[in-house]
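Breakdown of the fold
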Amino acid sequence: MDGCTGSAGVVSAGALDMTCLAALTVPGQVRALVELRLAEWGLAGVGDDVALIASELVTNAVRCAPEREIRVRFTRELGAVLLAVWDSSDARPVRKRVLGAADEHAAPDAEALNPGHDDGTGGHGLPIVEALSEKCGVTPTRPHGKWVWSRYATIGPAPGPTGGAVTDARVPAPRS
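Summarised in this report is the structure supplied together with it. (Residues numbered from 1 in each chain as written. Predicted model: local features only at pLDDT ≥ 70, side-chain atom pairs only at ≥ 80, totals over all residues. Heavy atoms only, no water.)

**Description of the nonpolar core**
If you look at the biggest cluster of nonpolar residues, it comprises 32 residues, and the most contacted ones within it are Val34, Leu38, Ile70 and Phe74. Mapped by element, the contributors of at least two residues to this core are strand E2 (16-21), helix H1 (26-40), helix H2 (47-64), strand E3 (69-77), strand E4 (80-87), helix H3 (125-132), strand E5 (135-140) and strand E6 (146-153). Leave out the neighbours within four places in its chain, and Leu38 touches Leu43, Ala44, Val46, Gly47, Val50, Phe74 and Val81. In terms of nonpolar packing, the next biggest core, distinct from the first, is built from 5 residues, Leu82, Ala84, Trp147 and Trp149 among them. (Core = buried A, V, L, I, M, F, W, Y, C linked by side-chain atoms within 4.5 Å. Buried < 20%, exposed > 50% of the residue type's maximum accessible area, 1.4 Å probe, protein only. Helix = DSSP H or I, 4+ residues; strand = E, 2+ residues; numbered from the N terminus. Contact = heavy atoms within 4.5 Å.)

Below is the structure:
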């Protein structure tokens, strides 16, 4: 894996723990590794949901990482899997409101062609993570940074319509 270190290169029955450069290719690499690990654990049936959660959390970390490095941990727990992604930013994930349908008289936005323009289409992954997760949240780290995590139930009832709201609960944060 380009720019990644840790247990990612060898897929085994254990936890996935890797450090990566915050590159645009990393979300796809992590998705693939998560799907492989789930298949090894006999949990391929939840692969689509967990891969989507991984994609959202890793993409956010890649965009937010001021030090251009992120860390990913993926572990199996009794009745669940836990995915946690660390980046060095202290900024919390922001849940954006869902936009309504476009006005039929809306004109194209000329600013959209400018590099760095925020077209407002980002920031909608958090509601997806909340809906799919049994629980999810943010655990700050010292001296800076945070783990953003999601616990996905692999047995028992699926998350309800409100999913697992983002909390500051002190879930056993991945150990540094």
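**A few points about the pattern of salt bridges**
Pairing between side chains of opposite charge can happen when their charged atoms approach one another. Applying the stated criterion across every chain, the model contains 5 salt bridges. Residue Arg71 is joined to Asp17 by a salt bridge in which the shortest nitrogen-to-oxygen separation is 3.1 Å. Here Asp17 lies in strand E2 and Arg71 lies in strand E3, a separation of 54 residues in the sequence. Overall, the relative accessible area of 26% leaves Asp17 in the partly exposed class. Between Asp17 and Arg73 there is a salt bridge whose closest N-O contact spans 3.2 Å. Placement of Asp17 in strand E2 and of Arg73 in strand E3 is noted, with a sequence separation of 56 residues between them. (Salt bridge = Lys/Arg side-chain N within 4 Å of Asp/Glu carboxyl O.)

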